[in-house]
Amino acid sequence: MTPREQAMTRLKGLAQVSQDMNETDRLYAAFKNAETRGLEGEDAFIRTNANLAPGGSSAYGPVQITGTLVQDMMDRGVIPDDLKDYSNRFLDQSKLFLKYGNEKDLEGYDPRYDYGGSGDLTSEQDQKDYAKLAKVLIAHHFKNAKNKVANPKPKPMGFAQAAGRREDPVNELIGAWRFGPNSKKGKGNDRRYYREFMKSYNN
């Protein structure tokens, strides 16, 4: 390969990295719009208000990341070393959410840990780390979504695929983030969510 060809290859690689980063930023903004509906700054750093979820929900922040997801991504080695300290503190906060949610009479209760509470991770640095962590998780999910669309598994007889889940990688990603990667739910189960996501994503 000539020096010119090597330089062109490097430039193409940098362009691809830039494109991937821009796409992740775009996806993050779209999930933020769907999850916290335009809340900005500290106002977006709240625990979910969905206090009737079976077993409780620890979903938190602009794109409503759960402790279960962070733990799973830690176990799989997805989270980079520079975000592990923040991720561990995120998991500690998630445990407090699950302990004190809907438990006003429990000793040690603090409204910060109840549904709609702010939690502890609201400093400027924590907000930056949250965004970095969220984008790592979204990029990972999007990569998986693209692989699923490109390499679909044969459907068993009588199996009905959730509408919109595997028509394209973005729909697959939305479904995986909203309902979980293995859920059979799709657009029909939360049309508002998909609509708010696409409103931001297409702008």
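Residues numbered from 1 in each chain as written. Predicted model: local features only at pLDDT ≥ 70, side-chain atom pairs only at ≥ 80, totals over all residues. Heavy atoms only, no water.

1. Section: the nonpolar core
Right, so step 1: Ranked by size, the top nonpolar core spans 38 residues in total, and within it Ile-65, Tyr-130, Leu-137, Trp-177 and Phe-197 carry the most contacts.
Right, so step 2: Elements with a contribution of two residues or more to this core: α1 (3-36), α2 (67-75), α3 (84-100), α4 (124-150), α5 (169-179) and α6 (191-201).
Right, so step 3: Considering each element in turn, this core owes the most residues, eight residues, to α4.
Right, so step 4: Apart from residues no more than four positions distant in its own chain, Trp-177 is found in contact with Phe-31, Glu-35, Val-63, Ile-65, Leu-69, Leu-137, Ile-138, His-141 and Tyr-193. (Core = buried A, V, L, I, M, F, W, Y, C linked by side-chain atoms within 4.5 Å. Buried < 20%, exposed > 50% of the residue type's maximum accessible area, 1.4 Å probe, protein only. Helix = DSSP H or I, 4+ residues; strand = E, 2+ residues; numbered from the N terminus. Contact = heavy atoms within 4.5 Å.)

2. Some points on the packing of aromatic side chains
Right, so step 1: If you walk through the whole model with that rule in mind, you get twelve aromatic pairs.
Right, so step 2: An angle of 75° between the planes, with centres 6.3 Å apart, marks the rings of Tyr-60 and Tyr-130 as edge-to-face. Residue Tyr-60 is located in the loop between α1 and α2, and its partner Tyr-130 is located in helix α4; the two are separated by 70 residues in the primary sequence. Exposure class is identical for Tyr-60 and Tyr-130. Each is buried.
Right, so step 3: A network of ring pairs unites the aromatic residues Phe-45, Tyr-60, Tyr-86, Phe-90, Phe-97, Tyr-100, Tyr-113 and Tyr-130 as a single cluster.
Right, so step 4: The aromatic ring of Tyr-28 is capped on one face by Lys-135, whose charged end is 5.2 Å from the ring centroid. (Phe/Tyr/Trp six-rings, centres within 6.5 Å; stacked < 30°, edge-to-face > 60°. Lys NZ or Arg CZ within 6 Å of the ring centre and 35° of its normal.)

3. Here we look at the pattern of salt bridges
Right, so step 1: Throughout the structure, instances matching the rule amount to 15 salt bridges.
Right, so step 2: Of the charged contacts, one joins Asp-114 and Lys-104 as a salt bridge, the two residues approaching to 3.4 Å between their closest N and O atoms. Of this pair, Asp-114 sits in the loop between α3 and α4 while Lys-104 sits in the loop between α3 and α4; the two residues are ten residues apart in sequence, bridging distant segments of the chain.
Right, so step 3: On the accessibility criterion, Lys-104 (60% relative accessible area) is exposed.
Right, so step 4: Here Glu-124 ties to Lys-128 by a salt bridge, and the two come within 3.7 Å at their closest N and O atoms. Of the two residues, Glu-124 and Lys-128 are both situated in helix α4; the distance of four residues between them amounts to about one turn of the helix.
Right, so step 5: For Glu-124, a relative accessible area of 60% translates into the label exposed.
Right, so step 6: Within this structure, Asp-85, Arg-89 and Asp-126 form a network of salt bridges that share partners. (Salt bridge = Lys/Arg side-chain N within 4 Å of Asp/Glu carboxyl O.)

By themselves these figures say nothing about function.
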